[in-house]
Amino acid sequence: QLEFITPFQLYFNPNLIFRKFQIWRLITNFLFFGPLGFSFFFNMIFLYRYCRMLEEGSFRGRTADFVFMFLFGGFLMTLFGLFASLFFLGQAFTIMLVYVWSRRNPYIRMNFFGLLNFQAPFLPWVLMGFSLLLGNSIIIDLLGIAVGHIYYFLEDVFPNQPGGKKLLLTPGFLKMVFDTPEEDPNYNPLPEDHPENQPRDQDQNQQQHPQ
């Protein structure tokens, strides 16, 4: 609103990205949710809530996998954005997070503004209907649902099918950066490295050399 940075400096424009090398637009188009208002705060609340629940739930202890989901989803949305002339993808990213969470928690009962009661998997579609009632285009919501479904299918469904396998493999450098290294089960520390042995040794030394 103060116009230090305008939406024209942030929106997704392939021509400016590839010809003018304004690479930041690949990221900034995900960070703009419109002017301050109901839609802005609505998206912020849902983004924070479901991002946190995913991180503390199915991605607990798997930070690298969580980051990889961000990268995978952002990459697919950017590809769709090239062909669909979409300028801002932040809302689609939020819907993707909601979709993945809802499919991984299918038995949770939801309440939407005290008006609707439904199971969690219907939440993305309820949000899309609400967006339609507000007069917004549902293309962004459909994109978020589509990308969320692709990730969910490749990560949770296909590997468990007969003949299926895990196709989404988190790169090793992400695990090296974000995940704590696993302890080697075959590692056998030296006796002096055991902390429980140190006080006992000190007591024996004091008994052998009394002052």
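Here, every reference points to the structure presented above.
Only a predicted model underlies this, so the values are computations on that prediction, with no experimental measurement involved.

What is the right way to read the packing of aromatic side chains from this model?
For any pair of aromatic rings, the description rests on two quantities: the centre-to-centre distance and the angle between the ring planes. Considering all chains together, one arrives at 13 aromatic pairs under this definition. A centroid spacing of 4.6 Å and a plane angle of 40 degrees characterise the contact between phenylalanine 32 and phenylalanine 88, whose relative ring orientation is tilted. Residue phenylalanine 32 is found in the loop between helix H2 (25–28) and helix H3 (38–56), and its partner phenylalanine 88 is found in the loop between helix H4 (63–84) and helix H5 (90–104); the two are separated by 56 residues along the sequence. Between the aromatic rings of phenylalanine 112 and phenylalanine 130, the centroid separation amounts to 5.4 Å while the plane-to-plane angle is 75 degrees, which identifies the pairing as edge-to-face. Of this pair, phenylalanine 112 sits in strand S1 (residues 109–112) while phenylalanine 130 sits in helix H6 (residues 123–133), placing them 18 residues apart in sequence. Considered together, phenylalanine 112 and phenylalanine 130 belong to a single accessibility category, that of buried residues. Every member of this aromatic cluster is reached through a ring pair, and the members are Phe42, Phe46, Tyr50, Trp101, Phe112 and Phe130. A cation sits over an aromatic face here: arginine 49 above tyrosine 50, 5.6 Å from the ring centre.

Looking at this structure, how should I read H4?
Each α-helix turn comprises 3.6 residues. Residues three or four places apart therefore point the same way. For H4, with 22 residues, the first-to-last C-alpha span of 31 Å sits near the 32 Å given by 1.5 Å per residue. Just past H4, the residue serine 85 takes up positive phi, approximately 55 degrees.

Please clarify how the side chain of asparagine 13 should be interpreted in this entry.
Structurally, the position occupied by asparagine 13 is in the segment before helix H1 (14–19). Assessed through its relative accessible area of 17%, asparagine 13 is described here as buried. For asparagine 13, the side chain forms a polar contact with the main-chain nitrogen of asparagine 15, separated by 3.0 Å.

Help me understand a nonpolar patch on the surface in this model?
A cluster of nonpolar side chains, Phe18, Phe75, Leu79, Leu82 and Phe83, forms an exposed patch at the surface whose accessible area comes to about 560 Å². Element by element, the count of residues in the nonpolar patch is highest for H4, at 4 residues. Phenylalanine 18 sits in the exposed class, given a relative accessible area of 54%.

Could you clarify how one ought to interpret the packing of H5 against helix H7 (residues 139–157) in this entry?
When two helices pack together, you describe them by how their axes are tilted relative to each other and by the distance separating the axes. Running from amino to carboxyl end, H5 crosses H7 at an angle of 40 degrees, the nearest separation of the two axes being 7 Å. Compared by their axis directions, H5 and H7 come out oblique. When you trace H5 past H7, the crossing you get is right-handed. Listed contacts from H7 to Gln91, Ala92, Ile95, Met96, Tyr99, Val100, Arg103 and Arg104 of H5 are Ile140, Asp141, Leu143, Gly144, Ile145, Val147, Gly148, His149, Tyr151, Tyr152, Glu155 and Asp156. For the contact of H5 with H7, the residue count by class is 11 nonpolar, 4 polar and 5 charged.

Quick notes on the rules
Residues numbered from 1 in each chain as written. Predicted model: local features only at pLDDT ≥ 70, side-chain atom pairs only at ≥ 80, totals over all residues. Heavy atoms only, no water. Phe/Tyr/Trp six-rings, centres within 6.5 Å; stacked < 30°, edge-to-face > 60°. Helix = DSSP H or I, 4+ residues; strand = E, 2+ residues; numbered from the N terminus. Buried < 20%, exposed > 50% of the residue type's maximum accessible area, 1.4 Å probe, protein only. Lys NZ or Arg CZ within 6 Å of the ring centre and 35° of its normal. Expected span 1.5 Å × (residues − 1). Polar contact = N/O pair within 3.5 Å; in protein donor to acceptor, adjacent residues only side chain to side chain. Patch = residues over 30% accessible without salt bridge, like charges linked within 9 Å, V, L, I, M, F, W, Y side chains within 5 Å. Areas by Shrake-Rupley, 256 points an atom, 1.4 Å probe, with all protein chains shown as cover. Salt bridge = Lys/Arg side-chain N within 4 Å of Asp/Glu carboxyl O. Axes fitted to C-alpha atoms, helices over the stretch in contact; angles between N-to-C directions. Parallel < 35°, antiparallel > 145°, perpendicular 65-115°, else oblique. Left-handed = near helix turned anticlockwise from the far one by under 90°. Contact = heavy atoms within 4.5 Å. Nonpolar A, V, L, I, M, F, W, Y, C, P; charged D, E, K, R; others polar.

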